[in-house]
Amino acid sequence: MVKFKIVFFWVFFFVSLLSHSIAVEPEKVELSESGQKSLAEIYTRYKSGSYDGALNLIKKLEKEYKGKNKEKLEGLLNYWKGIIYNRLQYFEESKTSFKKALSLGHKPNDIYYEFAQSLYALDELKKSRHLFMKSALNGYRPAISLYYVAFISQTIGDYRLAVKAYRRIEKLKDEEKASVLQASRMQVADIYLTAVDKQKNQVEFLQERVLSEFENALLFDPDSILAKDIRRKVLKLKDKYGLILLKLRNGRPTVFPRRFIKLTQEFGQDTNAISTGDPTSTALGSTMYSYTDFYVRRAYYSGNSVSLSPELKANFTYYTNSATDIRELNNYTYTPALRTTQEHTLFGKPASFLIDYEFNRTETNIDNNGYTFNSDSSTYMFGHRSNFMKYGESIFRYKFKDLTSYLNSSTNSTRTYSYEQVWNLGDGYILLSFLTYAKTRYTTEGNASDVNTLTSRMDFILPRVFNYATPTLSYTYTSADYFNNTDRGNETTHGLGLKFTRVISKKRRANLALDYSSVDSATATYTYDKTKLSFNMEFLF
């Protein structure tokens, strides 16, 4: 099978090379007038395809020539014999002639390439690979020479060198690599494909190595004949694995890419900064701010039903207002988490059990003396995601959160029950609805900050406007019952939001948002309005 693969590749590729070969002119050698005429005639017959005629003239000239520079002429004639024997597919004779030419010091630019062709046909693969590499290093047909180096390495099982040579083709000039670049990318995918069954996580390896390489090959020329073969190969590959490696057992797609990194940089103006972590906080005043957020996630799959996604989120918020109360809000947070799902079906549709753990550490600029510990929290979440409604996914969650603060009076626990629903309304309109009920209890029994909170939110995503940006309208209503505090009683918050999202490229996105909220309390101290205008850029890696 290997032998057949080598011969088939050589015949196909060699025929294509013939149509693009550069005619080699005879080297200038000081000969007699009759000798010069003989060289010119050899060249003429070679160009016209009369290889036997050219070969006969070479043999005659070798036999009859008695003048000076005979050794130099002999090197030239052996080089020509090697070229002609290659065209006639007399590879043993070609090999002998090229060896003779090199021994006589005759080394024209293409001799290593042509010599390598004859050795390749004779199945002397390692020697052929060595000469093709010399050809590439000498700058003669570097892309094709490297392709042969890679393909030979692939054939004999030296996959590391094969991939290295294919990758070197990518670094050549566009005009040099154009003829083989798509094929080289496809071969890299084929090499990785041989290793799929040996991987513990076949899902990840297939998608991130094999399919991504095939996609990269298609990008070069989606309309080529080779592109059609690549698409057929991808379809057969998916069919071979029964899509189990691409979808979980209930048909839900796996997360792709497995590794996801996002960096967000935001700048904005807040007319009334507040500290959401302090139950007794009030509005503090207007300030500009900067917010930097880093997020990284990695997905793993166990079989075709369980996923585990460790992630890390870290951010930094900085307020420019120099007022002490606002400067104290400057903070660092980092949040490692583990998200897990167990896939199953409900009423014949995809469903998932969700179990998450999240740890959060916050450090703030307390008393403007540098960043110190503010709070730690651990959150446990149990949920269920299903598609029992035709409009979109439904998610029920229960969260239990324990928070330890640098102030004992702020240490608390919160139990949260939530329901999320996606409403796909068609024509690009999507409605996201959230209903959450939370019970927060502080360490001290009967604490006046104990609160029961009911929050309802709706996000209405509209189709892209003028093919430029996607608008989102949002409304939030919150009712907070401070049942141990008759002064505050029941506080309500109304929030309105407008956001425009612009996808700049596959890995860059911009968001412009305007948010307004109004808090109504029985105590004037806790009644305020605030407006926040922000712009951020998201960078995906």
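Owing to the predicted nature of the structure, the values given are computational and were not obtained by experimental measurement.

## Let's talk about the packing of aromatic side chains
Applying the stated rule across the entire model yields 22 aromatic pairs. Ring geometry for tyrosine 113 and tyrosine 140: centres 5.6 Å apart, planes at 65°, overall edge-to-face. A residue pair is termed long-range when its members are at least 10 positions apart, and tyrosine 113 in helix α6 (residues 111-121) and tyrosine 140 in the loop between α7 (125-137) and α8 (142-155) qualify at 27 residues. Of the two residues examined, tyrosine 113 and tyrosine 140, each falls in the buried class. With a centroid separation of 4.8 Å and 25° between ring planes, the pair formed by phenylalanine 396 and tyrosine 419 is classed as stacked. Note that phenylalanine 396 is positioned in strand β8 (residues 392-405) and tyrosine 419 in strand β9 (residues 412-426), a separation of 23 residues in sequence. Joined through ring pairs, the aromatic side chains of Tyr43, Tyr46, Tyr51, Tyr79 and Trp80 make up one cluster. We note arginine 298 situated over the ring of tyrosine 300; from NZ or CZ to the ring centre the distance is 4.7 Å. A cation sits over an aromatic face here: arginine 488 above tyrosine 526, 3.8 Å from the ring centre.

## What to know about the nonpolar core
If you look at the biggest cluster of nonpolar residues, it comprises 67 residues, and the most contacted ones within it are Ile42, Tyr79, Trp80, Phe132 and Tyr166. Ranked by residue count, the leading element in this core is α8, at nine residues. Setting aside anything within four residues of it in sequence, one finds tyrosine 166 in contact with Tyr147, Ala150, Phe151, Gln154, Ser184, Gln187, Val188 and Ile191. With five residues, the next largest nonpolar core counts Ala273, Tyr289, Tyr319 and Ile326 among its residues.

## Examining unusual backbone geometry
Backbone geometry at phenylalanine 347 places phi at a positive 55°, although glycine is not the residue there. Classification of phenylalanine 347 by relative accessible area gives exposed; the value is 68%.

## Examining the side chain of aspartate 356
Tracing the chain through its elements places aspartate 356 in strand β6 (residues 349-364). For aspartate 356, a relative accessible area of 13% gives the class buried. Within polar-contact distance, the side chain of aspartate 356 engages the backbone nitrogen of threonine 340 at 3.4 Å. Leave out the neighbours within four places in its chain, and aspartate 356 touches Leu338, Arg339, Thr340, Thr379, Tyr380 and Met381.

## Comments concerning a nonpolar patch on the surface
A cluster of nonpolar side chains, Leu473, Leu498, Phe500, Leu512, Leu514, Leu533 and Phe535, forms an exposed patch at the surface whose accessible area comes to about 580 Å². Those elements that place two or more of their residues in the nonpolar patch are β13 (490-505), β14 (508-520) and β15 (528-540). In this fold, phenylalanine 535 is placed in strand β15.

## Side note on helix α11 (residues 181-193)
Taking 1.5 Å per residue, 13 residues should reach 18 Å; α11 reaches 19 Å between its end C-alpha atoms and fits that length. The element α11 is extensively covered by neighbouring structure, given that twelve of its 13 residues are classed as buried. Within the sequence span of α11, burial applies to Leu181, Gln182, Ala183, Ser184, Arg185, Met186, Gln187, Val188, Ala189, Asp190, Ile191 and Tyr192.

## A short note on the environment of leucine 338
Looking at where leucine 338 falls in the secondary structure, it is placed in strand β5 (residues 331-346). As for leucine 338 and alanine 299, which are separated by 39 residues in sequence, their C-alpha atoms are 10.0 Å apart. With residues up to four places along the chain from it excluded, the contact list for leucine 338 reads Leu308, Ser309, Pro310, Ile355, Asp356 and Tyr357.

Conventions used here
- Residues numbered from 1 in each chain as written.
- Predicted model: local features only at pLDDT ≥ 70, side-chain atom pairs only at ≥ 80, totals over all residues.
- Heavy atoms only, no water.
- Phe/Tyr/Trp six-rings, centres within 6.5 Å; stacked < 30°, edge-to-face > 60°.
- Helix = DSSP H or I, 4+ residues; strand = E, 2+ residues; numbered from the N terminus.
- Buried < 20%, exposed > 50% of the residue type's maximum accessible area, 1.4 Å probe, protein only.
- Lys NZ or Arg CZ within 6 Å of the ring centre and 35° of its normal.
- Core = buried A, V, L, I, M, F, W, Y, C linked by side-chain atoms within 4.5 Å.
- Contact = heavy atoms within 4.5 Å.
- Polar contact = N/O pair within 3.5 Å; in protein donor to acceptor, adjacent residues only side chain to side chain.
- Patch = residues over 30% accessible without salt bridge, like charges linked within 9 Å, V, L, I, M, F, W, Y side chains within 5 Å.
- Areas by Shrake-Rupley, 256 points an atom, 1.4 Å probe, with all protein chains shown as cover.
- Salt bridge = Lys/Arg side-chain N within 4 Å of Asp/Glu carboxyl O.
- Expected span 1.5 Å × (residues − 1).

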